[in-house]
Amino acid sequence: MKLKRVKIYGFKTFADKTEVDLRGNVIAVVGPNGCGKSNIVDAVLWGLGESNSRALRAQTSQEVIFNGSARRKPVGFAEVSLLFDNEDGTLPIDLAEVSISRRLTRAGESTYQINRRDCRLKDIADLLADSGLGRAGYAIVGQSEIDQALAASAGKRRAWIDEAAGVMRYRLRRQEANRRLEGAQRNLDRILDLLREVEAQIGPVEEEARIARQARDLMDRLRSVEVGHLGREIAQAAADLKAFADRSDGARTLAAEEEALLARLSKTLEVAAAHAEALEARIEAVRTRRSEAATHLERCLAAEQVLAERLEGLDRLEAQLAGGDDLAARRTEAEGDLEQSRLTLAAEEEAFRALEEAMSAGGAEAARLSRELREAEAALAEARRRETARERHEAEAAQRRDRQTHIQAEIEGILRSLPEMQSAVAEARARLDELTGQEQQLQTRIDGREQERRELGRSLEEQARSSHGRLAEMAALEGRIRGLQATLDSHDGLTQGARAVMAAIDQNLLPDEYRPVGEVISVEADLAQAIETALGAAANDLICPDEGAAKQAIELLKRNRLGRATFQPVTLVRPQGPGAGAENLAGRRGVVGWADRLVGVHADFRPVIESILGRVLIVETLDDGLELAKTRGWSRLVTLDGEVIHASGAVSGGAAKSQGVGMVQRRAELDDLLEQAERMKRELDSGGEAPARLEEQRRELRLALDADRAALADLRQELVEAKTWHHSLKHELESSERARTRLQEELDRLTEASRTVPEMPERPASEWENERNRILQELAAHQADSAQALARRREAVDRTQEAREKLREAERRISRLKETEEGREKRAHTLVQDRERLRAEQVQAAGRTAGSREHLAERERELEVLAEARRIAAAKSAMLRDRQVKARESSAAQAQILHQAELGIAKAEGR
């Protein structure tokens, strides 16, 4: 047999699951001091069942569980599993491998297992008895045990040899068998002692058996008499039981009906509550949709207004463009002038060419001047074109400045309104937060009151359960009181003669002048047994007023052979008090007092009690009585447990298996029970006010809850309106911000467009015109050779120039008219398209507005319908709650009636 593997988890320093493989002939564990080498051996020793903590280098068994470190939490248990190779059959198990496991939790629960099956530590010890791994084995030797092994005694070495030889198991079995034999011998000796004791008691027991048989016969006769006496009471109790049972059945039926009604009302209330919650959710959703519809309607109206303003702007622009209706006439006129100018120019050019041909002698200067003239005329045309473009740009710049002024005014208006709108949004947000806080506070108060109402309900239930328990205890107490009273009234415990005298009194054969001694005294419960013992047979004595009454009763007993009785005539008794030497006994330690002074009795009967108990001293224990046994002045010393020390020195004591209870103890018990019943009745009377007070508190709390719920509903309505208002203001603020941003972007575009200015000509057109005239004059000066030719040339040039000028002027007019006409046509066409588009958008916006208005009206109607449904549901819920309260009150009343009937049944059953 070899140990193959050791699995350790949670044992000492092994916080993680660790498996040590021990396959091989020699296994060595090497490491520095404190690394836990010895803990492996301790784990093996602990897994084999070692129960001595000191052998494991621990103070308690719990210390072997890993207790945590600065970086690791403690574990909840320690477990070690040992796997043995059993191929050679050393262990008495028909398996090749045997596993032994031990587990200990922090709660102290320890379990052992063999092959994963729970077992006892004794089973493991028996399994390893012949393997050398037993409790007294030699296989595991600690560091401190090597010297002990070398210095071991012969007996210790003999134990190791026996263990190695395999006889230790049989030695242990022999020791166990010897222990069992010794125990059997002790039990046999005890049985023989009991037999001898029983044999010695056979004689007295036979006498007691005879007395018991006689007592049984007497009890049978008594039982037959009591059966007849109790028959009437049983019949009456049966009648009362039937009446109470009928009343209980009726109350139970009504209570069941009320409970069923309560269940139906509760279900109906749950359905109504769910319906109300669904209505609230629908109302909230409809309110949200109504708010969205209102917001959408506002957007549609704003869009219609914007479209109307844009249409008005188009109308104004169209009116401005309408001022050019004579453009066609002017263009026709300009085209006529152009045609005329062309004809004139052609004629003049023809004349000029003829003149040029005639004046070929003009020379290079004339050519040069002509070239300069053409250049000047080209520059003059370019300068006039640029001046026209500049004039057009200035007109557009004027329009942009007007638009910029309008945009700046709009932006300033928006900026002026922004602080007010932001303030309104902040106020709406603050109001919304305030209402939200109020809602949370009110909900918290409602939750608190709900919790308080539930606590009151539980208190009422506890009060009811407590009341029912007390009533049951009261019924049981009353049953015991009636039983004791009946026992006392039947004079149970009196001797035969005394009972015969009391029966004669009931039959009016004797006057009602006789009282048993045990029935005329009252005593505390803890002194009842002592007084009962002190009275002894005198408890059956009958107190009568004088000796004549005693004589009359004795004659009756003798005449009818009804037995014997002892009488105590008040006129003949002689009270006895403590004798000489007993003056200081009452004040000594362990003394309760003189018996006649510890009982309560009527003054007329006091002499009789003093004559019987006047010299009886009550002490606490038998030891206290034995200390006083040598004193004088008393006749008997009686302990609280009923032991008696007589003045003669005799001591009586002991207890029977079934010790009876006398009249004094019954009377004391009855007085104690009556006092308990009175105290319990007072508690019930005082506790009866608590349910009514709690019910009143619950009713007031329910009213307060209803008021809080109504306030919460109003607050939530106001919260919804505040949310809608805040959303509307926030939307308006965001719209203003977007409009401001859009206008600012347009203003930036206009400002950027204003920065682009057309180039001005280097020289104005007037200068180029002067330059052209100068060149003409020079050209005319160079042609002065011939005045006539010059004049004609000048005239031709003038006419040509004039014709050209008129032609250019006509071309410019036509070009301007064409540009103007094209611009107006383009703008008019754009205006038509814009107007059509805006009108289409206006129609669509009007349709959306009408749809939004109709949608808003539908939401309003739907909200009104849901509000009416919610009001009806609330009224229905209130009506159901009232019915539930009435049903609960009726159920409580029926429960009270049922409880009273059950009390009556309990009393009747007790009778």
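Residues numbered from 1 in each chain as written. Predicted model: local features only at pLDDT ≥ 70, side-chain atom pairs only at ≥ 80, totals over all residues. Heavy atoms only, no water.

Some remarks on the overall build of the chain
Phase 1 of the analysis: Looking only at helices and strands, the chain has 18 helices and 16 strands in total.
Phase 2 of the analysis: Within the chain, residue pairs in contact and separated by at least 24 positions form 74% of the contacts whose partners lie at least 6 positions apart. (Helix = DSSP H or I, 4+ residues; strand = E, 2+ residues; numbered from the N terminus. Contact = heavy atoms within 4.5 Å.)

Here's the deal with the sheet that holds strand S2 (residues 18–21)
Phase 1 of the analysis: Judged by pairing direction, the sheet is antiparallel, and its six strands sit side by side in the order S2-S1-S3-S4-S5-S6 without closing on themselves. Among the strands making up the open sheet, the edge pair consists of S2 and strand S6 (117–119). Taken over all neighbouring pairs, the strand axes of this sheet differ in orientation by 20° on average, direction set aside.
Phase 2 of the analysis: Both strand S1 (residues 2–9) and S2 contribute to a ladder of four bridges, which runs antiparallel. Within S2, the position partnered with Lys 7 by the bridge is Glu 19. (Pairing = 2+ DSSP bridges. Axes fitted to C-alpha atoms, helices over the stretch in contact; angles between N-to-C directions.)

Some thoughts on the pairing of strand S14 (residues 636–639)
Phase 1 of the analysis: Burial of the side chains of S14 extends over both faces: Arg 636 and Val 638 are buried on one face and Leu 637 and Thr 639 on the other.
Phase 2 of the analysis: Sheet topology places strand S13 (residues 616–619) next to S14; four bridges connect them, and they run parallel. Its bridge partner lying in S14, Leu 617 is registered against Leu 637.
Phase 3 of the analysis: Handedness of the crossover is the feature at issue here: the chain leaves S13, passes through helix H14 (residues 622–627), returns alongside S14, and the resulting connection is right-handed.
Phase 4 of the analysis: Pairing geometry for S14 and strand S15 (residues 644–646), over three bridges, is antiparallel. (Buried < 20%, exposed > 50% of the residue type's maximum accessible area, 1.4 Å probe, protein only. Right-handed = clockwise from strand over helix to strand, strands pointing away.)

Description of the packing of aromatic side chains
Phase 1 of the analysis: Tallied over the entire structure, the rule returns three aromatic pairs.
Phase 2 of the analysis: Seen in terms of ring centroids, Tyr 514 and Phe 567 are 6.1 Å apart; in terms of plane orientation they differ by 65°. Their pairing is edge-to-face. Here Tyr 514 is found in the loop between helix H9 (496–506) and strand S7 (515–516), whereas its partner Phe 567 is found in strand S10 (residues 567–569), with 53 residues between them in sequence. Comparing Tyr 514 with Phe 567 shows no difference in burial state: the two are buried.
Phase 3 of the analysis: Note that Arg 103 overlies the ring of Phe 77, its terminal NZ or CZ placed 3.6 Å from the centroid. (Phe/Tyr/Trp six-rings, centres within 6.5 Å; stacked < 30°, edge-to-face > 60°. Lys NZ or Arg CZ within 6 Å of the ring centre and 35° of its normal.)

A closer look at a nonpolar patch on the surface
Phase 1 of the analysis: A grouping of Leu 188, Ile 191, Leu 192 and Leu 195 is seen on the molecular surface, where their side chains present a nonpolar patch of about 350 Å² in accessible area.
Phase 2 of the analysis: Tracing the sequence through the fold places Leu 195 in helix H5 (residues 168–200). (Patch = residues over 30% accessible without salt bridge, like charges linked within 9 Å, V, L, I, M, F, W, Y side chains within 5 Å. Areas by Shrake-Rupley, 256 points an atom, 1.4 Å probe, with all protein chains shown as cover. Salt bridge = Lys/Arg side-chain N within 4 Å of Asp/Glu carboxyl O.)

Focus on helix H1 (residues 37–47)
Phase 1 of the analysis: Where burial is concerned, most of H1 is hidden: eight out of the 11 residues are buried.
Phase 2 of the analysis: Those residues of H1 that fall on the buried side of the exposure criterion are Asn 39, Ile 40, Asp 42, Ala 43, Val 44, Leu 45, Trp 46 and Gly 47.
Phase 3 of the analysis: Of the surrounding elements, those touching the buried residues of H1 are S1, strand S3 (77–85) and strand S4 (97–105).
Phase 4 of the analysis: Phi for Gly 49, located one or two positions after H1, is positive at around 110°.

A short note on the sheet that holds S10
Phase 1 of the analysis: Strand order in the open sheet formed by three strands is S7-S9-S10, and the pairing between neighbours is mixed. Single-partner strands in this sheet number two, and they are S7 and S10.
Phase 2 of the analysis: Bridge analysis of S7 against strand S9 (residues 542–544) gives two bridges, and the strand direction is antiparallel. The residue of S9 that forms the bridge with Pro 516 is Leu 542.
Phase 3 of the analysis: Its contacts with the sheet put helix H12 (residues 547–560) on S9 and S10, and the angle it makes with S10 is roughly 160°.

Just geometry here; none of it tells us what the structure is for.
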